[in-house]
Each structure stands twice: as structure tokens, then as C-alpha cells.
Amino acid sequence: MIGAPVAPSPLTELRDPRLAQAGVRLLLKRDDLLHPDLPGNKWRKLRHNLTRAAELGHDTLLTFGGAYSNHLRAVAAAGARFGFRTVGVVRGEEHLPLNEVLTFAVGRGMRLTYLDRTTYRAKHTAPVVEALRERFGRFYLLPEGGSNALAVHGCAELPAEIAVPYDIVCCPVGTGGTLAGIAAGLEPGRRALGVSVLRGGAFLTDEVTRLQTEAYGQASGNWSIALDFHSGGYARSDAALETFTDDFAARHGLRLDRIYVAKMMRAVFTMAENGAFPPGTVIVAVITGPMSQG
Ligand SMILES: Cc1ncc(COP(=O)(O)O)c(C=O)c1O
């Protein structure tokens, strides 16, 4: 069994007059502090997969991602730490010099290969996987974003770490694995709220349902996804998000990652201010990605 790199992540309260006005308390589950190279949902998603890969006798992990994928970075780090070779299949063409993410991955020993966008869309089909096996030999395949049934089980361990009363857990949603797991791990009476970071994220409802069904045989029915806080789409930003993020940094001394965490936080504040949560609601927001002093 591959153990946790650190103890459960800290829980801290964020005090803000806008939330007080709405009668809402907000606690931050600081998963960004879990591990420097495997922060946030990365460790939770990888943990049981690494154990399974080792049990099946694999020495190589292969996975997929865009050139700026936090997941590729994390798999490279996990491979180096736990003794697996790693192969990263990158969407699109090679661009040299490598960006910071891919430089880090190669520095941790990851071999990179590139798939054109059309082939990349078919990356999980048998012909593409077979061609990769011919080239790289036997490997344990982690899907893009790392979301599979074992990742869902890992994320489902988060709620048990919250030792205070609360009503709702919030997290950003990219592929849906984190929300699927957190919701599945909740005690009855509690709910999970995901915030889509993608434009056109309506399909994510099917994805989360599919992942929960794959992991547990059924969907848990205690979650929903807010679709209107994507700020233009994945890795995009707009004036509302910029203003919110700068204001948040000025008030709280914390700079939120715009791709995921800032979108979730803006959703929480906007919904609270719009009266979406009954007074007295305690919300736990999972800080899944980097948050720096700023
Ligand atoms: C920092 C961060 N937060 C949230 C997510 C979204 O997680 P999921 O893809 O499981 O929906 C990701 C992507 O994995 C991420 O890198």
C-alpha cells in the first residue's frame, strides 16, 4: 500500500463581511498543502491507482494531457517518488523549448510523446492504445485528468477528514472525478456543489454519474454542478474573474489559481450574495490547486 505523503490537509475559516452578511460560514480545506509535487486532488486521485499498478506488477505509468496539464506533472512526480517509469502523451505538437510543466515532467524522468489533435481525441480507443503499447511496452493506463473509479474512491476519503459540522462541500469540476468522489463520501444530509471550469459543462452531469456508477454501481444523487462561472471556458478568464481574484488577494492575502480555484470561489461568493444558501449554512471549499500568498 502506498501511504499518504502527509497528514490530512488543514481546515481554516475564511472570514469575509460579504459572507457574514449572507449568514454563511466558509471553511477552506487546504488540499493545496497536501504535498508540493502532488497537491490537491492529484494525490487523492493517484493514490489507489499507484497501489493497483504496483499490485498488477506494472513498472510504467502512461497518461494523457495538454501541454500545461497539472495531471501530467503530478504523474511524473509520482513516478519519480514511487519508482515507476512514466510516459506522458501530450495533445498537439511539440513546442521547444518545453514549457515549465513539461520541463518539470522530463526532469522527473517522464518520456514525452505527442499526438495530433484528431488522434488525441481517440486516445482511449483500442487502436490508439495498442499503438502506444507497441511503442512503449506494457503500462498501467491513467486516463486524462486521472479520473477513474480508483480516483473517485481516493477523493471519497476527503469528507471523513472534516471534523466539524458543515452542510455543503464545494469543488471545481474539470473532468468530474473529484466531485464524483467527494459527493460519494458525504454523510447523509450533506451535499456537494461542483463548479464547472469549462464552457458548455452540461455534459459533466453525465460524466459524474458515469464515474460514480463505475466506482459504486450507482450515482449518489447528492450533488449538483453550477455551470455559469466558467469565465469564458477552460483556462480563460474575464473581467469578473480578474476583479474577483484581485479583490480576494487584497482582502485575504491569498492569490487563487484562476484555472480552477478562483472560479469555484467566485461561484461561492456570488451564490451566497444572491441568497442561494440559507442563513446558517456552513460551506467547505476544497482548495484543489495552488494558492499562494499574494
Ligand atoms: C487544481 C485542480 N482543481 C480541480 C480539478 C478538477 O478535477 P476533476 O478533473 O476531477 O474534475 C483539477 C483537474 O484535475 C485541478 O488540476
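What you see is a predicted model; the values in this text were computed from it and never measured.

**Considerations on the sheet that holds strand β7 (residues 168–173)**
Phase 1: With mixed pairing, the six strands of this open sheet are ordered in space as β1-β2-β11-β7-β8-β9. Edge positions in the open sheet fall to β1 (11–14) and β9 (223–226), since each of these has one partner strand only. For this sheet, the mean inter-axis angle between neighbouring strands, taken without regard to orientation, is 30 degrees.
Phase 2: Examined bridge by bridge, β7 and strand β11 (residues 282–286) share three bridges and lie parallel to one another. Pairing of I168 across the sheet is with I283, part of β11.
Phase 3: The strands touched by helix α8 (residues 177–184) are β7, β8 (191–196), β9 and β11; relative to β7, the strand with the most contacts, the crossing angle is about 165 degrees.
Phase 4: Contacts from helix α11 (residues 261–273) reach β2 (25–29), β7, β8, β9 and β11 within the one sheet, and its direction differs from that of β7 by about 140 degrees.

**Quick word on the domain arrangement of the chain**
Phase 1: Here the domain parsing of the chain yields domain 1 (11–36 + 148–293) and domain 2 (59–138).
Phase 2: Domain 1 and domain 2 are separated by 28 Å when their C-alpha centres are compared.

**Looking at the pairing of β11**
Phase 1: By the criterion of burial, β11 is predominantly enclosed, with four of the five residues buried.
Phase 2: Two elements, β2 and β11, share five bridges in a ladder whose sense is parallel. By the bridge assignment for β11, K29 is matched with V286.

**Topic: the UniProt feature "modified residue: N6-(pyridoxal phosphate)lysine" (unreviewed entry) in the chain**
Phase 1: Annotation from UniProt places "modified residue: N6-(pyridoxal phosphate)lysine" (unreviewed entry) at K42.
Phase 2: On the secondary structure map, K42 appears in helix α2 (residues 41–55).
Phase 3: For K42, a count of 26 C-beta atoms within 10 Å corresponds to the buried category.
Phase 4: For K42, the residues in contact, after removing those within four places along its chain, are N70, H71 and A74.

**So, the site of the ligand**
Phase 1: Neighbouring the ligand are 16 residues, the closest being G174, T175, T178, T288 and G289.
Phase 2: When contributions to the shell around the ligand are tallied by element, the ones reaching two or more residues are α3 (70–82), β7 and α8.
Phase 3: Broken down by class, the residue content of the shell around the ligand amounts to three nonpolar, 13 polar and no charged.

What counts, and at which threshold
Residues numbered from 1 in each chain as written. Predicted model: local features only at pLDDT ≥ 70, side-chain atom pairs only at ≥ 80, totals over all residues. Pairing = 2+ DSSP bridges. Helix = DSSP H or I, 4+ residues; strand = E, 2+ residues; numbered from the N terminus. Axes fitted to C-alpha atoms, helices over the stretch in contact; angles between N-to-C directions. Contact = placed C-beta atoms within 7 Å. Domains from an automatic or database assignment. Buried ≥ 20, exposed ≤ 12 C-beta atoms within 10 Å, placed from the backbone. UniProt positions renumbered as here; feature names shortened; annotations may be inferred. Near = placed C-beta within 6 Å. Nonpolar A, V, L, I, M, F, W, Y, C, P; charged D, E, K, R; others polar.

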